[in-house]
Amino acid sequence: MQTPALVVDLEAVEANIRTMAAARPGTALRPHVKAHKCTSLARLQRDVGGHTGFTCATIREVEGMAAAGLGDDLLLANEVLDCTRLGALVDAGTARVTVAVDSDETIGAAAGGGVREVLIDVNVGLPRCGCRPDDAGRLADRARSRGLTVRGVMGYEGHATAVHSNEGRKVVVEKAMHALRTAHERVGGDVISAGSTVTYAHNRVATEIQAGSYVLMDSYFAPMTPEFRPALTLELTVISVSSRYAVADGGLKCLGMDHGPPTLHADTPGEVLVVSDEHVTFVPAQPVRTGDRIRVVPAHVDPTVAYHERLHVSNGDVWEVDLRGW
Ligand SMILES: Cc1ncc(COP(=O)(O)O)c(C=O)c1O
């Protein structure tokens, strides 16, 4: 295996899927594929976890899931202004596609592009997409007048994921879900879609949770949700050793760093000093030699996986990261 290479601990992945499925079985979880961009892993979430609906962030993810036969109920939880590729999937009958809308323009795009089902996306506090809660009813009426089926609402409480204390996070989630429930009363429909890896346990309003990271986990979320095991590491080769530190052969171009630097795995302990384009410079806790392999745990799983073409699985399989691109 050539380094840098992403390695997946299959036992930990399956344990994470089972842990989440025990709390959120079947359609009570709509796993977000943005975290892993891998249909092999999504299939495992269906087969081991029993989840049949999935959340996507890009049109490409929706298309890839449909092509892999995982298109029973796909939600594109993002705003799109050209829905023709999604409409083509609906016409072909390869996927049930629902898209998030938060404006007259996105409703027009859904109706014009041939998508038939939408969720009204409500802003519940994260400075991102979503309409005002008091505008949700008007948008639902508008969508229905364009011939769309409004399945319900969505409201991602992503701002809560930055709150590290459990109690603090609970307060933020409850406030966000109060807004979403109010919007849902105006919109109607069966679906209230929200939630994430670090908020699912506090979310009592969502009919389905959109968690993604739980399956692979990373060093940023792990302390907040110790029930999930870190299952993804980046394997690197030591390419240079000095008296004060060692250098391994992967850096910014194979690691998502927006949540901070990676940490050395317990099997190859030490402290990361600096990460540059192609290098991790670290102080090993035990002496290392040139040619040794080390492993680091990424701080943010989603962008890390998106840098890689494949995942090397602990049972010897290789999974393509086949949902990359747009
Ligand atoms: C729309 C949406 N839902 C849910 C999530 C939750 O994902 P995770 O469980 O990886 O935090 C995200 C993450 O960014 C998201 O953008």
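Criteria and cut-off values
- Residues numbered from 1 in each chain as written.
- Predicted model: local features only at pLDDT ≥ 70, side-chain atom pairs only at ≥ 80, totals over all residues.
- Heavy atoms only, no water.
- Helix = DSSP H or I, 4+ residues; strand = E, 2+ residues; numbered from the N terminus.
- Rg over C-alpha atoms; globule rule 2.2 N^0.38 Å.
- Buried < 20%, exposed > 50% of the residue type's maximum accessible area, 1.4 Å probe, protein only.
- Contact = heavy atoms within 4.5 Å.
- Lys, Arg positive; Asp, Glu negative; His and termini not counted.
- Charge placed at Lys NZ, Arg CZ, Asp CG, Glu CD.
- Near = heavy atom within 4 Å.
- Polar contact = N/O pair within 3.5 Å; in protein donor to acceptor, adjacent residues only side chain to side chain.
- Nonpolar A, V, L, I, M, F, W, Y, C, P; charged D, E, K, R; others polar.
- Domains from an automatic or database assignment.
- Buried area = accessible area lost by both parts, 1.4 Å probe.
- Salt bridge = Lys/Arg side-chain N within 4 Å of Asp/Glu carboxyl O.
- Pairing = 2+ DSSP bridges.
- Right-handed = clockwise from strand over helix to strand, strands pointing away.

1. Brief notes about the overall build of the protein chain
Along the protein chain, the regular secondary structure elements total eight helices and 16 strands. For the protein chain, whose C-alpha radius of gyration is 21 Å, the value lies close to the compact-globule estimate of 20 Å for 326 residues. The principal-axis extent of the C-alpha atoms belonging to the protein chain is close to 70 × 45 × 35 Å. Taken over 326 residues, the protein chain has a buried fraction of 55%. Across the protein chain, the fraction of contacts at a sequence separation of at least 24, relative to all contacts at a separation of at least 6, is 67%. Treating the 32 positive side-chain charges of the protein chain as one cloud and the 40 negative ones as another, the clouds have centres 2 Å apart.

2. Side note on the site of the ligand
Looking at the ligand, there are 13 residues lining it, with K34, T197, Q210, G212 and S213 nearest. For the ligand, an oxygen atom lies 2.7 Å from a polar atom in the side chain of K34. A distance of 2.4 Å separates an oxygen atom of the ligand from a polar atom in the side chain of S213. Residues that form the shell around the ligand fall into these classes: four nonpolar, seven polar and two charged.

3. Considering the domain arrangement of the protein chain
Along its sequence, the protein chain is organised into domain 1 (10–218) and domain 2 (232–320). Distance between the C-alpha centres of domain 1 and domain 2: 32 Å. With 14 residues of domain 1 at the contact, the number on the domain 2 side is 14 residues. If you sort the residues of domain 1 by the area they bury against domain 2, L10, L216 and D218 come out on top, with a joint share of 46%. Viewed at the interface, domain 2 and domain 1 are joined by one salt bridge.

4. A look at the sheet that holds strand 4 (residues 97–101)
Across the sheet, seven strands lie side by side as 2-3-4-5-6-7-8; this open sheet has parallel pairing. The outermost strands of the open sheet, each flanked by one partner alone, are strand 2 (53–56) and strand 8 (208–209). Both strand 3 (residues 73–76) and strand 4 contribute to a ladder of three bridges, which runs parallel. Paired with L75 across the two strands is T98, which belongs to strand 4.

5. Considerations on the pairing of strand 5 (residues 117–121)
Within strand 5, five of the five residues are buried, which leaves it mostly tucked inside the rest of the structure. Across the two faces of strand 5 the burial is the same, with E117, L119 and D121 and V118 and I120 all buried. Here four bridges tie strand 4 to strand 5, and the two strands are oriented parallel to one another. Paired with V101 across the bridge in strand 5 is I120. Sheet topology places strand 5 next to strand 6 (residues 149–154); five bridges connect them, and they run parallel. Bridge pairing in strand 6 links L119 to G152. Assessed by its sense of winding, the connection that carries the chain from strand 5 through helix 6 (residues 136–145) to strand 6 is right-handed.

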